[in-house]
Amino acid sequence: MSELNDMTGKTLRAFAPASTGNVSLGFDLLGAALKPIDGTVLGDEVDLELADEFSLAVEGAFAHKLPADPDTNIVTRCYQHFVKVMSEKGVELPPVKMTLHKHLPIGSGLGSSAASVVAALHGLNEFYGQLLGDVPFNQHELLLIMGELEGQISGSVHYDNVAPCYLGGLTLMAEQADTLALQLPTFKHWYWVACYSGITVSTAAARDILPKQVSMPNTLKFGRQLAVFVDALYRQDEKLAVNMMTDVIAEPYRKSLLPHFDESREFAMQNGAMAFGISGSGPTVFAVCDNLEQAQTISTWLQENYIQNDTGFSHVCQLDEQGAVAKDISA
Ligand SMILES: Nc1ncnc2c1ncn2[C@@H]1O[C@H](COP(=O)(O)OP(=O)(O)OP(=O)(O)O)[C@@H](O)[C@H]1O
Ligand SMILES: N[C@@H](CCO)C(=O)O
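Not measured: the values here are computed from a predicted model.

**Examining the site of ligand 1**
Around ligand 1 there are 22 residues in total, and Gly107, Gly109, Ser112, Ser113 and Thr203 lie nearest to it. Backbone polar atom of Gly107 to an oxygen atom of ligand 1: 2.6 Å apart, as the coordinates give it. Here an oxygen atom of ligand 1 sits 3.2 Å away from a polar atom, N or O, in the main chain of Leu110. Where the shell around ligand 1 is concerned, the elements lending two or more residues are α2 (112-132) and α3 (139-154). Top contributing element to the shell around ligand 1 by residue count: α2, with three residues. Among the residues making up the shell around ligand 1, the classes are represented as seven nonpolar, 14 polar and one charged.

As structure tokens, this is what we get:
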């Protein structure tokens, strides 16, 4: 322990933003990190400090929606996995006390479990990095671990929430041994309205209702849309890009789980939205606008008409280009 830096009394806080998976046209392959323009914290935070033994405390607006036993919390599993891998490398890490500030609703389509996984693992990497003098895992290695942990909870390994949440911006999954995700160019003037209705849709259940096979016409449309969308981003051809933003894979089946989805789309598209769809596996919906006033009108309408209970909310967002961050919050 003598060669370790002194972290006594230091508290590090890691933040990981909300994210929207699929972006309609890229099922499991596209994702974007979101940040409300009014400064609301939309993401999970994890605090870390040295302790005699590991513990996890859970606070925040959605803490009571998680299982009471901290051992079943994905943050505990992140810690256990992190120290196990380091131990296998011959590095025994001193325990930490972790506090999860659970701001994101569970089963919301905003990458709630991904935000906890990313905040926990990024926080652990930065905290132990300061202790050891260098981060234990590089960005690629850490993203691999994030995908694995998120997969344990959502029933399948898909990176479209963890990758944008960790890296920021709009990401395309490459899933290659040396390149997991690619960061794409974006339209900086786009506003993304994100409205969470307040009901819970489990990702595993929303995957179960999808057909196991996709028809030939839909396969061809999916491939064309994704390829043309990426090209349009690189050429900053906004009209072509939004024309590609439709979902032939999941939305036709999943919208039956979302009360008022069709009216919401109709209102949004008639009031200036360039695209509208389900965020991840829902129930959050998103609308893309190039005009702030229209985005605000749509957000207000969704707040009044799409939200089902008092846990729902609606935010006008832009893309969070930064992704996960960590800062020293020691008193
Ligand atoms: N820290 C955590 N954050 C979120 N979910 C957690 C966490 N720890 C354990 N869980 C459990 O993981 C499951 C997450 O389910 P699911 O993947 O449907 O939600 P989600 O990640 O919130 O979905 P979405 O990506 O749609 O926001 C729930 O059963 C929840 O109780
Ligand atoms: N791509 C995943 C995201 C889940 O948030 C799905 O749609 O099932």
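Resuming the write-up.
**With respect to the pairing of strand β6 (residues 96-101)**
Within β6, five of the six residues are buried, which leaves it mostly tucked inside the rest of the structure. Two elements, strand β4 (residues 43-50) and β6, share six bridges in a ladder whose sense is antiparallel. Note on β6: the bridge partner recorded for Glu45 is His101. Note: strand β5 (residues 55-59) against β6, five bridges, orientation parallel. By the bridge assignment, Ala57 is partnered in β6 with Thr99.

**Thoughts on the packing of aromatic side chains**
Tallied over the full model, the rule gives 10 aromatic pairs. A ring pair is formed by Phe82 and Phe137, whose centres lie 5.1 Å apart and whose planes are at 80°; its orientation type is edge-to-face. One end of the pair, Phe82, is in helix α1 (residues 74-88); the other, Phe137, is in the loop between α2 and α3, and 55 residues separate them in sequence. Residue Phe82 is classed as buried on the basis of its relative accessible area of 1%. A centroid spacing of 5.4 Å and a plane angle of 50° characterise the contact between Tyr196 and Phe313, whose relative ring orientation is tilted. One end of the pair, Tyr196, is in strand β9 (residues 191-196); the other, Phe313, is in strand β12 (residues 313-319), with 117 residues separating them in the sequence. Classification of Phe313 as buried rests on a relative accessible area of 15%. Taken together, the ring pairs connect Phe82, Phe127, Tyr128 and Phe137 into an aromatic cluster.

**Quick look at the site of ligand 2**
The full set of residues close to ligand 2 is Asn22, Phe27, Asp28, His158, Asp160, Asn161, Thr203, Arg207, Arg254, Gly280 and Ser281. Within the side chain of Asn22, an N or O atom sits 2.8 Å from an oxygen atom of ligand 2. In the environment of ligand 2, a nitrogen atom lies 2.6 Å from a nitrogen or oxygen atom belonging to the side chain of Asp160. Contact with the protein chains removes 98% of the 260 Å² of surface that ligand 2 exposes when unbound. Taken together, the residues that form the shell around ligand 2 break down as one nonpolar, six polar and four charged. Residue contributions to the shell around ligand 2 reach at least three from each of two domains, namely domain 1 (12-183 + 321-328) and domain 2 (185-319).

**Some words on the nonpolar core**
Grouped together as the largest cluster of nonpolar side chains are 85 residues, with contacts concentrated most on Met98, Tyr128, Leu143, Trp192 and Met245. The leading source of residues in this core is α2, at 11 residues. Two domains each donate at least three residues to this core, and these are domain 1 (12-183 + 321-328) and domain 2 (185-319). Ignoring any residue separated from it by four or fewer positions in sequence, one finds Met98 in contact with Val46, Asp47, Leu48, Phe54, Ser55, Leu56, Ala57, Val75, Tyr79, Ala120 and Leu124. Membership of the second largest hydrophobic core comes to 21 residues, among which are Tyr191, Phe267, Ala268 and Tyr306.

Definitions and limits used
- Residues numbered from 1 in each chain as written.
- Chains lettered and ligands numbered in written order.
- Predicted model: local features only at pLDDT ≥ 70, side-chain atom pairs only at ≥ 80, totals over all residues.
- Heavy atoms only, no water.
- Near = heavy atom within 4 Å.
- Polar contact = N/O pair within 3.5 Å; in protein donor to acceptor, adjacent residues only side chain to side chain.
- Helix = DSSP H or I, 4+ residues; strand = E, 2+ residues; numbered from the N terminus.
- Nonpolar A, V, L, I, M, F, W, Y, C, P; charged D, E, K, R; others polar.
- Buried < 20%, exposed > 50% of the residue type's maximum accessible area, 1.4 Å probe, protein only.
- Pairing = 2+ DSSP bridges.
- Phe/Tyr/Trp six-rings, centres within 6.5 Å; stacked < 30°, edge-to-face > 60°.
- Areas by Shrake-Rupley, 256 points an atom, 1.4 Å probe, with all protein chains shown as cover.
- Domains from an automatic or database assignment.
- Core = buried A, V, L, I, M, F, W, Y, C linked by side-chain atoms within 4.5 Å.
- Contact = heavy atoms within 4.5 Å.

Shape descriptors only; they carry no functional weight alone.
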